Amino acid sequence: MRARDKAAVSALRATLAALDNAEAVPVDEAELSGVALEHSPVGVGTTEAARRELSERSVVDIVRAEAAERLEVAAQLTAPAHANRAERLRTEAAVLHRFLDGPGTA
């Protein structure tokens, strides 16, 4: 990362965002409607919700899905004009696979 590896940074940022989204708690539409303003909760922390805790298996599945998505898109980019983008996607997928392969390989 110190060498400012743009492909690694891009892949890791996107994967962290995917993990963050997976931890989010779904908002029930029924909860949002039907509450009058004067009856709504007030104060610090009233709108906070505990986030989901992902299992190690779930995290691995999400990282694998992110890598697979990059490889799939790279395979679809067959035009010569997209060669650089396809190579960058393959590089990003390789970065994610290094993290999945175990400690010491990343």
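One can find the structure itself at the top, above this paragraph.
Residues numbered from 1 in each chain as written. Predicted model: local features only at pLDDT ≥ 70, side-chain atom pairs only at ≥ 80, totals over all residues. Heavy atoms only, no water.

Colleague: Could you give an account of the side chain of T15, with specific residues and numbers?
Modeller: Here T15 lies in helix α1 (residues 6–23). Owing to a relative accessible area of 5%, T15 belongs among the buried residues under this scheme. Within polar-contact distance, the side chain of T15 engages the backbone oxygen of A11 at 2.8 Å. Excluding residues that lie within four positions of it along the chain, T15 makes contacts with V63, E66 and L96. (Helix = DSSP H or I, 4+ residues; strand = E, 2+ residues; numbered from the N terminus. Buried < 20%, exposed > 50% of the residue type's maximum accessible area, 1.4 Å probe, protein only. Polar contact = N/O pair within 3.5 Å; in protein donor to acceptor, adjacent residues only side chain to side chain. Contact = heavy atoms within 4.5 Å.)

Colleague: An account of α1 is requested, with residue identities and associated values reported.
Modeller: Between its first and last C-alpha, α1 extends 26 Å over 18 residues, near the 26 Å set by a 1.5 Å rise per residue. Of all the positions in α1, only A7, A8, A11, L12, T15, A18, L19 and A22 are classed as buried. Down the axis of α1, the buried set is contained in an arc of 125°. They therefore lie on one face. In this structure, α1 carries K6, R13, L16 and N21 as exposed residues pointing more than 90 degrees from its buried face. (Expected span 1.5 Å × (residues − 1). Arc of directions from axis to C-beta.)

Colleague: Explain the pattern of salt bridges residue by residue, including any values.
Modeller: Counted under the stated rule, the structure contains 6 salt bridges. With a closest N to O distance of 2.9 Å, R51 and D20 form a salt bridge. Pair noted here: R51 is in the loop between α2 (29–32) and α3 (56–76) and D20 is in helix α1, with a separation of 31 residues, a long-range link. Overall, the relative accessible area of 43% leaves R51 in the partly exposed class. Given a relative accessible area of 41%, D20 falls into the partly exposed group. Here E87 ties to R90 by a salt bridge, and the two come within 3.6 Å at their closest N and O atoms. Of this pair, E87 and R90 both sit in helix α4 (residues 83–101), 3 residues apart, which is roughly one turn of that helix. When its relative accessible area of 37% is taken as the criterion, R90 is described as partly exposed. Connected through shared salt-bridge partners, E66, R70, R88 and E92 make up one network. (Salt bridge = Lys/Arg side-chain N within 4 Å of Asp/Glu carboxyl O.)

Colleague: Tell me about the environment of R51, residues and numbers included.
Modeller: Note: C-alpha distance between R51 and V25 (26 residues apart in sequence) is 5.8 Å. In this structure R51 touches D20, E23, A24 and V25, once residues within four positions along its chain are discounted. Polar contacts involving the side chain of R51 include one to the main-chain carbonyl oxygen of D20, which spans 2.5 Å.

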